[in-house]
Amino acid sequence: MNAEIIRALTPLFIATIGGVIGVAVLFVPDTKDNDAKWSAGIGLAGTAIAGAAGLAQSTKNESNILTGPNAQITQGQDNPVQPSN
């Protein structure tokens, strides 16, 4: 496996784990009466899914600045006259 495939599969794997935890929390009878366990399990599932979404972001930085053949960089002042007090 190359690095691109691993980068693509990692968020899917983590989101699947989060989904399994979330479904397990909903159906395990022990968590229905205990609000602390229920909210901890849902919080853990949400954190796993959010982490997967963060990992799924693109890592490539592409420039959207176009330059032509006569491109110049000029430095100027927006307000050349200073107000006097």
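Rules behind the numbers
- Residues numbered from 1 in each chain as written.
- Predicted model: local features only at pLDDT ≥ 70, side-chain atom pairs only at ≥ 80, totals over all residues.
- Heavy atoms only, no water.
- Helix = DSSP H or I, 4+ residues; strand = E, 2+ residues; numbered from the N terminus.
- Buried < 20%, exposed > 50% of the residue type's maximum accessible area, 1.4 Å probe, protein only.
- Areas by Shrake-Rupley, 256 points an atom, 1.4 Å probe, with all protein chains shown as cover.
- Patch = residues over 30% accessible without salt bridge, like charges linked within 9 Å, V, L, I, M, F, W, Y side chains within 5 Å.
- Salt bridge = Lys/Arg side-chain N within 4 Å of Asp/Glu carboxyl O.
- UniProt positions renumbered as here; feature names shortened; annotations may be inferred.
- Contact = heavy atoms within 4.5 Å.
- Expected span 1.5 Å × (residues − 1).
- Polar contact = N/O pair within 3.5 Å; in protein donor to acceptor, adjacent residues only side chain to side chain.
- Axes fitted to C-alpha atoms, helices over the stretch in contact; angles between N-to-C directions.
- Parallel < 35°, antiparallel > 145°, perpendicular 65-115°, else oblique.
- Left-handed = near helix turned anticlockwise from the far one by under 90°.

Examining the overall build of the chain
Then step 1. The secondary structure content of the chain amounts to 3 helices and 0 strands.
Then step 2. Shown N-terminal to C-terminal, the secondary structure of the chain runs as helices and strands in the order α-α-α.
Then step 3. Counting over 85 residues, the chain shows a buried share of 11%.
Then step 4. Accessible surface, the chain: about 7500 Å² in total, of which carbon and sulfur atoms supply 60%.

With respect to a nonpolar patch on the surface
Then step 1. Taken together, Met1, Ile5, Ile6, Leu9 and Leu12 make up a surface patch of nonpolar side chains, about 520 Å² in accessible area.
Then step 2. Mapping leucine 9 onto the fold places it in helix α1 (residues 3-27).
Then step 3. On the basis of relative accessibility, which here comes to 41%, the residue leucine 9 falls in the partly exposed class.

Some words on the UniProt feature "transmembrane region" (unreviewed entry) in the chain
Then step 1. UniProt tags residues 6-28 as "transmembrane region" (unreviewed entry).
Then step 2. Measuring from the first to the last C-alpha atom of residues 6-28 gives 32 Å, for a span that is 96% helix and 0% strand.

Quick notes on the environment of lysine 37
Then step 1. If you trace the backbone, lysine 37 turns up in helix α3 (residues 35-55).
Then step 2. Separated by 12 residues in the primary sequence, lysine 37 and valine 25 have C-alpha atoms spaced 8.4 Å apart.
Then step 3. If we skip the residues at most four places from it in the chain, lysine 37 touches Asp30 and Thr31.

Examining α3
One turn of an α-helix holds 3.6 residues; hence residues three or four places apart share an orientation.
Then step 1. The end-to-end C-alpha distance of α3 is 30 Å, a good match for the 30 Å that 21 residues give at a rise of 1.5 Å each.
Then step 2. Packed against the buried residues of α3 are α1.
Then step 3. Where α3 begins, one side-chain oxygen reaches toward the backbone nitrogen of alanine 36, 3.3 Å away; that side chain belongs to asparagine 34.

So, the packing of α1 against α3
Then step 1. In the contact formed by α1 and α3, the axes pass within 8 Å of each other and the chain directions differ by 165°. In terms of orientation, α1 lies roughly antiparallel with respect to α3. Classified by chirality, the crossing of α3 by α1 is left-handed. The residues of α3 that touch α1, namely those facing Thr10, Pro11, Ile14, Ala15, Gly18, Gly19, Ile21, Gly22, Val25 and Leu26, are Trp38, Gly41, Ile42, Leu44, Ala45, Ala48, Ile49, Ala52 and Leu55.

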